[in-house]
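Each chain, letter by letter, is given below.
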Amino acid sequence: METNVVYAIQRKIKEKMKVLAIVLGLILSFSLPAGAGNYSLSAHGDAANGVKRNVTELSSYVQGNCAHCHEQHASINGAEPTPSGGAPSGFCLFADNFNTTNTTGSYLQSDDFCFYCHTSLNSLQSGGITNYDYSTTFGGATASVTGILDAFNQTSFHNLYDVYNFAKNNFSSFFTASSNPCVACHNPHLARRNKANPTDPSYTAISRPTAHSQLWGDDSGERMSDYTTNYQAPYYYNSTSTYEPGNTATYNGSNMPDYDTFCTDCHNSTNTIYSTTLGRNLYKIDWVTAGGESGGDKHGQNSATTSLNIKDPFATSPLGISIGFVLSCLDCHEPHGSPNVMLIRREVNGGDLAGNITAFDTVYWSYLCGRCHKDDSYYGGYAGKFEYIHHLDPDDAPYPGPPSRCGWCHGGGGGGGKPPIPCNRCHFHGGNDSCLLDSSNLPYYPSLYTGRRCF
Ligand code: HEC
Ligand code: HEC
Ligand code: HEC
Ligand code: HEC
Ligand code: HEC
Ligand code: HEC
Ligand code: HEC
Ligand code: HEC
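Because the structure is a prediction, the values reported are computed rather than measured.

Brief notes about the coordination of the iron atom of ligand 3
Here comes step 1: Around the iron atom of ligand 3, the protein supplies His44 (NE2) and His118 (NE2) as donor atoms, at distances of 2.0 Å.
Here comes step 2: With six donor atoms in place around the iron atom of ligand 3 and angles of 88 to 179° between them, the coordination shape is octahedral. One end of the pair, His44, is in the loop between helix 2 (33–41) and helix 3 (134–137); the other, His118, is in the loop between helix 2 and helix 3, and 74 residues separate them in sequence.
Here comes step 3: Given a relative accessible area of 24%, His44 falls into the partly exposed group.

Put into structure tokens, the structure is as follows:
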């Protein structure tokens, strides 16, 4: 008897969903005629490559039909297509949009609606979907992960609960308590297949959280070359003549979305962003303020202040500049997750990092820096070491000499050699070498403090 009651309630709820679904359809068809057109241009609405849930109940619905995501016809044929069961989901989606109780990550398919299709295992999409990471799709690196769920289940990732929370509190015009964190960066009704057209940003997959109802990167004015005329695209994988994002000769970012404006919708110098993963607020990122040592990030619009020890393509940039470069966030970061801490790409500027960076307080940041900056091997020393830049470069070494009392910075450790110092003590977004003033930790050497902006 009890189960009968449950079934009755479920039937009632499904009836309500049907009504809701019709209303939903009406809203879109009446209030968004233009949106409907754009939907058919989108990756999901695409008649040849779009959504197609591999379930018998929906077999008569054409590829791209809304019903492959919105359960408008749950009761047709008297059955509910996979995944079935559970309470009805918000927005009439075929599964719950997002599991807000998973605050720490390590995601299951059921934690996020999108993962039902965007995964390498058990995708409900007919024929499955392959999504590589940014390093492969736009950098050309050998493939590692092949699904979005897989990308998020790596050493570091955008914590979906934190993104959800931040978006709910800051972008409430479109992001509600029942919204999906992926939707903070993507509009599922508009996102296009950039992966199939990597050199054509009119196929962009992203929408700015401050402009959710349109795509970002598709129009002129929305490209890296619009953000700055000083963008030098990194080399494409294993190439010394072609560039990201599509292995072509275009080098100024005119063929990629302006990722700096995109990421700084959230990561700017005013927003306070909490990270459950890191257990603290994130460093604020100032990508725009000029002013040298007192300005913003030197990889951003603030210019480097001294002569660089930089590799190609920067050293002989076809832009015709030798300093003042502005980088894209995605030159160094993945958008979803990575085998390194801090979403650092596994492949940068045409080559793989020498190894994974698995801790924050470490000397192995050199794997990343060394993809673009010259290590000691360019100056008669060892690969992977950075003594020249800090001690020997006659132009601009911050600690020329090397200075005496090596241990004040390098610490002890017998056996000759000077143990390298964890790079992040000085090098991070917004950082300088003020750790030299702090007696609670090495390096401690107040008289050698330079105050130079170290990122
Ligand atoms: C912080 C912003 C952000 C969040 C959150 C985010 N993405 Fe992305 N996503 C991006 C960016 C940036 C790209 C790469 C740029 C591009 O393709 O133009 C991307 C690319 C993609 C792609 C294309 C991958 C390919 O094959 O090239 C898919 C699919 C995707 N995201 C799905 C998702 C899903 C599903 C979620 C949630 C689980 C999600 N994204 C969360 C920013 C985000
Ligand atoms: C890839 C799956 C997918 C497809 C296909 C899809 N939608 Fe959606 N739709 C969503 C998701 C996810 C949301 C919830 C957005 C959020 O998290 O805030 C949504 C929300 C909506 C909403 C609520 C308003 C809004 O935009 O947030 C309407 C209306 C809607 N969809 C209608 C449609 C119609 C009509 C179609 C077909 C023309 C369609 N959808 C196709 C996934 C999809
Ligand atoms: C019913 C299956 C299904 C669901 C659910 C689904 N997608 Fe997709 N998605 C697809 C398919 C199919 C494509 C096109 C695949 C291809 O190009 O190989 C696609 C493509 C995309 C792209 C464009 C990627 C590119 O090629 O550059 C983005 C972005 C994206 N999806 C995001 C999302 C987000 C965010 C959600 C959840 C709100 C979601 N998808 C839910 C099936 C789905
Ligand atoms: C030259 C490579 C590089 C570029 C370009 C870059 N980053 Fe980073 N980013 C790093 C490194 C290295 C770290 C780890 C050190 C740190 O935490 O600052 C990091 C860390 C971060 C963090 C975590 C900060 C924290 O609290 O520890 C965020 C957020 C971030 N980056 C966002 C961005 C955004 C947004 C952009 C573009 C506006 C960007 N990054 C451009 C290298 C880069
Ligand atoms: C919708 C807002 C939003 C956008 C857009 C966004 N982020 Fe984030 N980001 C967050 C939140 C919230 C966190 C804190 C959660 C976390 O640490 O994962 C975060 C954390 C990070 C971290 C630290 C991750 C860690 O825990 O190790 C990095 C690095 C980062 N973002 C880079 C980027 C880059 C690069 C972009 C552009 C492609 C971007 N973000 C766009 C909201 C956003
Ligand atoms: C994708 C290439 C790339 C990577 C990776 C990279 N950098 Fe840079 N870096 C540059 C470029 C290009 C400049 C010059 C910026 C300018 O001209 O304003 C620069 C400038 C700098 C400066 C300013 C130097 C000065 O003279 O003012 C510092 C410090 C720096 N980088 C440190 C690092 C560290 C530390 C790492 C590793 C954690 C790193 N960079 C990783 C490309 C990169
Ligand atoms: C003000 C702090 C400071 C002092 C004092 C200092 N160094 Fe350094 N040294 C650095 C920094 C910063 C680096 C670059 C990070 C790294 O590689 O440890 C470096 C790098 C090196 C390296 C390369 C380390 C490696 O294995 O990659 C050697 C060798 C070195 N220093 C030797 C010395 C010697 C010898 C002395 C004393 C005569 C000395 N340093 C004093 C800050 C200092
Ligand atoms: C004690 C602080 C400190 C530590 C620790 C440190 N650096 Fe530096 N580093 C600096 C300063 C200061 C500069 C000069 C910035 C400038 O030119 O304005 C610099 C410059 C650099 C540059 C830019 C060089 C150029 O001219 O192109 C790179 C790359 C770099 N460091 C890598 C590293 C690496 C890798 C480590 C760790 C193995 C490290 N640093 C550790 C203080 C430090």
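Now that the structure is up, let's keep going.
Thoughts on the site of ligand 8
Here comes step 1: Lining the immediate surroundings of ligand 8 are 25 residues, of which Lys298, His390, Cys423, Cys426 and His427 lie closest.
Here comes step 2: Within the side chain of Asn309, an N or O atom sits 2.8 Å from an oxygen atom of ligand 8.
Here comes step 3: Between ligand 8 and His390, the relevant distance is 2.8 Å, taken from a nitrogen atom to a side-chain nitrogen or oxygen of the residue.
Here comes step 4: Counting residues per element, the ones that place at least two in the shell around ligand 8 are helix 9 (366–369) and helix 10 (387–392).
Here comes step 5: A class-by-class count of the residues in the shell around ligand 8 yields twelve nonpolar, nine polar and four charged.

Some points on the nonpolar core
Here comes step 1: With 32 residues, the main nonpolar core has Met256, Tyr259, Trp287, Ile344, Ile357, Trp365 and Leu368 as its most contacted residues.
Here comes step 2: Going through the elements one at a time, helix 6 (224–227), helix 7 (259–263) and helix 8 (329–332) are the ones with two or more residues in this core.
Here comes step 3: Here the element with the most residues in this core is helix 7; it accounts for three residues.
Here comes step 4: For Trp287, the residues in contact, after removing those within four places along its chain, are Tyr227, Asp260, Thr264, Asp297, His299, Gly300, Gln301, Val326, Leu327 and His429.
Here comes step 5: In terms of nonpolar packing, the next biggest core, distinct from the first, is built from 19 residues, Phe98, Ile148, Leu160 and Cys266 among them.

A word on the confidence of the model for the chain
Here comes step 1: When pLDDT is averaged across the chain, the result is 91; 89% of the residues are at 70 or more.
Here comes step 2: A low-confidence stretch, residues 26–35 (pLDDT under 50), is modelled with three contacts involving residues beyond four sequence positions or located in other chains.

A closer look at the coordination of the iron atom of ligand 2
Each donor-metal-donor angle would ideally measure 109.5 degrees in four-coordinate tetrahedral geometry, or 90 or 180 degrees in six-coordinate octahedral geometry.
Here comes step 1: For the iron atom of ligand 2, the full set of protein donor atoms is His70 (NE2) and His189 (NE2), and the range of their distances to it is 2.0 Å.
Here comes step 2: One can describe the site at the iron atom of ligand 2 as octahedral: its six donor atoms subtend angles covering 88 to 179° at the metal. Remark: His189 occurs in the loop between helix 5 (160–170) and helix 6 and His70 occurs in the loop between helix 2 and helix 3; sequence separation between them is 119 residues.
Here comes step 3: We classify His189 as partly exposed; its relative accessible area is 36%.

Some words on the site of ligand 7
Here comes step 1: Not every one of the 17 residues close to ligand 7 is listed here, only the nearest: His391, Cys406, Cys409, His410 and Ile421.
Here comes step 2: Contact between ligand 7 and Lys385: an oxygen atom at 2.7 Å from a side-chain N or O atom of the residue.
Here comes step 3: Interatomic distance of 2.7 Å between a backbone N/O atom of Ile421 and an oxygen atom of ligand 7.
Here comes step 4: Of all the elements in the fold, those that place two or more residues in the shell around ligand 7 are helix 10 and helix 11 (406–410).

Observations concerning unusual backbone geometry
Here comes step 1: Backbone torsion omega between Glu244 and Pro245 reads 10°, so that peptide bond is classified as cis.
Here comes step 2: If you trace the backbone, Pro245 turns up in the loop between helix 6 and helix 7.
Here comes step 3: Here the phi dihedral of Asn238 falls at roughly 60°; this positive angle occurs in a residue that is not glycine.
Here comes step 4: Residue Asn238 is classed as exposed on the basis of its relative accessible area of 66%.

Some words on the environment of His267
Here comes step 1: When you line up the elements, His267 lands in the loop between helix 7 and strand 2 (274–275).
Here comes step 2: With 18 residues separating them in the primary sequence, His267 and Ile285 have C-alpha atoms 5.9 Å apart.
Here comes step 3: Setting aside anything within four residues of it in sequence, one finds His267 in contact with His158, Ile273, Leu282 and Ile285.

As for helix 5
Here comes step 1: For helix 5, the full list of buried residues reads Leu160, Asp162, Val163, Tyr164, Phe166 and Ala167.
Here comes step 2: Where helix 5 is buried, its residues touch helix 4 (148–152) and strand 2.
Here comes step 3: A side-chain oxygen of the first residue of helix 5 lies 2.9 Å from the backbone nitrogen of Tyr161; this N-cap is Asn159.

Topic: the side chain of Arg346
Here comes step 1: Note that Arg346 resides in the loop between strand 4 (337–338) and strand 5 (347–348).
Here comes step 2: At a separation of 2.7 Å, a polar atom in the side chain of Arg346 contacts the side chain of Asp133.

Digging into the packing of aromatic side chains
Here comes step 1: Scanning all chains against the criterion turns up 21 aromatic pairs.
Here comes step 2: Ring centres of Tyr107 and Phe157 lie 5.8 Å apart, and the angle between their planes is 85°; this geometry places the pair in the edge-to-face category. With Tyr107 in the loop between helix 2 and helix 3 and Phe157 in strand 1 (residues 156–157), the pair connects residues that are 50 residues apart, well separated along the chain.
Here comes step 3: What makes Tyr107 buried here is its relative accessible area of 4%.
Here comes step 4: Ring pairs connect the aromatic residues Phe98, Tyr161, Tyr164, Phe174 and Phe175, which therefore count as one cluster.
Here comes step 5: Across from the ring centre of Tyr203, 4.3 Å away, lies the NZ or CZ of Arg192, which sits over that ring.

Section: the side chain of Asp260
Here comes step 1: If you trace the backbone, Asp260 turns up in helix 7.
Here comes step 2: Within the buried core, Asp260 has no salt-bridge partner, and the shortest N-O distance to an opposite charge, that of Arg345, equals 11 Å.
Here comes step 3: Within the local environment of Asp260, its side chain forms a polar contact with the side chain of Trp287, the two groups lying 3.1 Å apart.
Here comes step 4: Looking at Asp260, its side chain comes within polar contact range of the main-chain nitrogen of Cys329, at 3.0 Å.
Here comes step 5: The contacts of Asp260, once residues within four sequence positions are left out, are Met224, Tyr227, Trp287, Val326, Leu327, Ser328 and Cys329.

Let's talk about the pattern of salt bridges
Here comes step 1: Applying the stated criterion to the full structure yields seven salt bridges.
Here comes step 2: Here Glu244 makes a salt bridge to Arg345, at a shortest N to O gap of 2.6 Å. Placement of the pair is Glu244 in the loop between helix 6 and helix 7 and Arg345 in the loop between strand 4 and strand 5, with a sequence separation of 101 residues.
Here comes step 3: Take Glu244: its relative accessible area is 1%, and that puts it in the buried class.
Here comes step 4: The buried category is assigned to Arg345, whose relative accessible area is 0%.
Here comes step 5: A salt bridge links Arg425 to Asp361; its shortest N-O distance comes to 3.0 Å. Note that Arg425 is positioned in the segment after helix 11 and Asp361 in the loop between strand 6 (351–352) and helix 9, a separation of 64 residues in sequence.
Here comes step 6: Linked through salt bridges whose partners overlap, the residues forming this network are Glu244, Arg345 and Glu347.

Thresholds, definitions, all that
Here the residue index of a chain counts from 1 through its sequence in written order. Chain letters and ligand numbers both follow the written order, the letters beginning at A and the numbers at 1. The model is predicted, so local features are restricted to residues of pLDDT at least 70 and side-chain atom pairs to those at 80 or more, both for listing and for counting; the totals for chains, interfaces and linings are taken over all residues. Only hydrogens and water are set aside when side-chain values are computed; all heavy atoms of the structure are taken into account. Distances up to 2.8 Å from the metal define which N, O and S atoms are donors, and 3.2 Å serves for Na, K and Ca; water is absent from the atom set, so sites may look incomplete. A site with four donors is called tetrahedral when every donor-metal-donor angle falls between 85 and 135 degrees; four donors are called square planar, and six octahedral, when opposite donors sit more than 155 degrees apart and all other angles fall between 65 and 115; any other arrangement is irregular. Numbering of helices and strands runs from the N terminus; a helix is a DSSP stretch of H or I covering at least four residues, while a strand is a stretch of E covering at least two. Think of it in three bands: residues with accessible area under 20% of the maximum for their type are buried, residues over 50% are exposed, and the middle band is partly exposed, with areas taken using a 1.4 Å probe on protein chains only. It suffices for a single heavy atom of a residue to lie within 4 Å of a molecule or strand for the residue to be listed as near it. Here a polar contact is recorded for every N or O atom pair within 3.5 Å, except that within protein the pair must consist of a potential hydrogen donor and a potential acceptor, and residues adjacent in sequence are included only if both atoms are side-chain atoms. Just so you know the grouping, Ala, Val, Leu, Ile, Met, Phe, Trp, Tyr, Cys and Pro go in nonpolar, Asp, Glu, Lys and Arg go in charged, and all remaining residues, Gly too, go in polar. Residues belong to a common nonpolar core when they are buried Ala, Val, Leu, Ile, Met, Phe, Trp, Tyr or Cys residues joined through side-chain atoms within 4.5 Å. Pairs of residues are marked as contacts when any of their non-hydrogen atoms sit within 4.5 Å. You can read pLDDT as the predictor saying how much it trusts each residue, on a scale of 0 to 100. Between the rings of Phe, Tyr and Trp (Trp by its six-membered ring), a pair exists once the centres lie within 6.5 Å; its type follows the angle of the planes, with under 30 degrees stacked, over 60 edge-to-face, and the other angles tilted. Any Lys NZ or Arg CZ found within 6 Å of a ring centre and within 35 degrees of that ring's normal is scored as a charge over the ring. None of His or the chain ends enter the tally, which takes Lys and Arg as positive and Asp and Glu as negative. What counts as a salt bridge is simple: a side-chain nitrogen of Lys or Arg found within 4 Å of a carboxyl oxygen of Asp or Glu.

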